[in-house]
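Single-letter residue listing:
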Amino acid sequence: IISAEQAAAIRALAPARRATTSPRPVDASVIGYILGAVTVLSAMGWFLADRWDYLGAGGVLAVVTVYGALFVLVAWRMRREGFQVAEGVAALLAVALVPLAVIALNDLLDWLPEPNASGCGRSYGPSPLFFDFWVCRGLEVTIELAVLAAALIAWRITRFSLFALVVGAVGMRFVFHLVAAATGGQSQGSAAGWTWVICASLM
């Protein structure tokens, strides 16, 4: 229908395509990144569990903030150097510190009751569901919302696929929270089974 010259002119209007690269295989360096991340998390978990009372909420928040800043700096540096897996792992470590930061902040400011605090039993009782649910799971939900926000931001920046696991896991927790709020904490037996079915289907 058109001449070769016209076809070439049309193709010249399109933006140049980027050269596609094959996905990087899982090699020794990737395994090293993952093992290093697990080692860092284990060491930090042991340190904070052993020294939480000694450091206090303020000390824990300071430690978590310093480590989080270091992980973000490492992720930024790895991004500049072109190490995408290392960048993603460092960002994942930074997101893993968010729950500790929220717990320490809550200890300092006393915003929300601790899980299983007074007034939170097996049943949420006759009072409005949302109030009882918030008393029982307010801190838990706040932690999960903070983790979800941090993971989505980090995922947007790094494009690291493992953040999908974080977002999916937190999303499953929200299904359980909705069921608990709707049933007054009485979802057991077949209801609990259907909750897992819904979560699996959404995943």
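Heads up: the structure comes first, above all this text.
Residues numbered from 1 in each chain as written. Predicted model: local features only at pLDDT ≥ 70, side-chain atom pairs only at ≥ 80, totals over all residues. Heavy atoms only, no water.

**Student:** Explain the overall build of the protein residue by residue, including any values.
**Tutor:** Secondary structure assignment for the protein yields seven helices and zero strands. Its helices and strands in sequence order give the protein the pattern α-α-α-α-α-α-α, from N to C terminus. The 203 residues of the protein split such that 29% are buried. Sequence-distant contacts, at least 24 apart, represent 64% of the contacts inside the protein between residues at least 6 apart. Entry remark: accessible area of the protein is about 13,500 Å², with carbon and sulfur atoms responsible for 67%. (Helix = DSSP H or I, 4+ residues; strand = E, 2+ residues; numbered from the N terminus. Buried < 20%, exposed > 50% of the residue type's maximum accessible area, 1.4 Å probe, protein only. Contact = heavy atoms within 4.5 Å. Areas by Shrake-Rupley, 256 points an atom, 1.4 Å probe, with all protein chains shown as cover.)

**Student:** Report on the packing of helix α2 (residues 28-81) against helix α3 (residues 84-96), specifying residues and quantitative values.
**Tutor:** One can describe the packing of α2 onto α3 by two numbers: an axis separation of 3 Å at closest approach and a directional angle of 15°. The orientation of α2 with respect to α3, classified from their angle, is roughly parallel. Relative to α3, α2 is oriented so that their crossing is right-handed. Here the residues of the contact of α2 with α3 are counted per class, giving 19 nonpolar, one polar and two charged. (Axes fitted to C-alpha atoms, helices over the stretch in contact; angles between N-to-C directions. Parallel < 35°, antiparallel > 145°, perpendicular 65-115°, else oblique. Left-handed = near helix turned anticlockwise from the far one by under 90°. Nonpolar A, V, L, I, M, F, W, Y, C, P; charged D, E, K, R; others polar.)

**Student:** Can you explain unusual backbone geometry? Please cite residues and give values.
**Tutor:** Of note, the phi angle at R159 is positive, near 60°, even though the residue is not glycine. By the element assignment, R159 lies in the loop between α5 (129-158) and α6 (163-183). With a relative accessible area of 60%, R159 lands in the exposed category.

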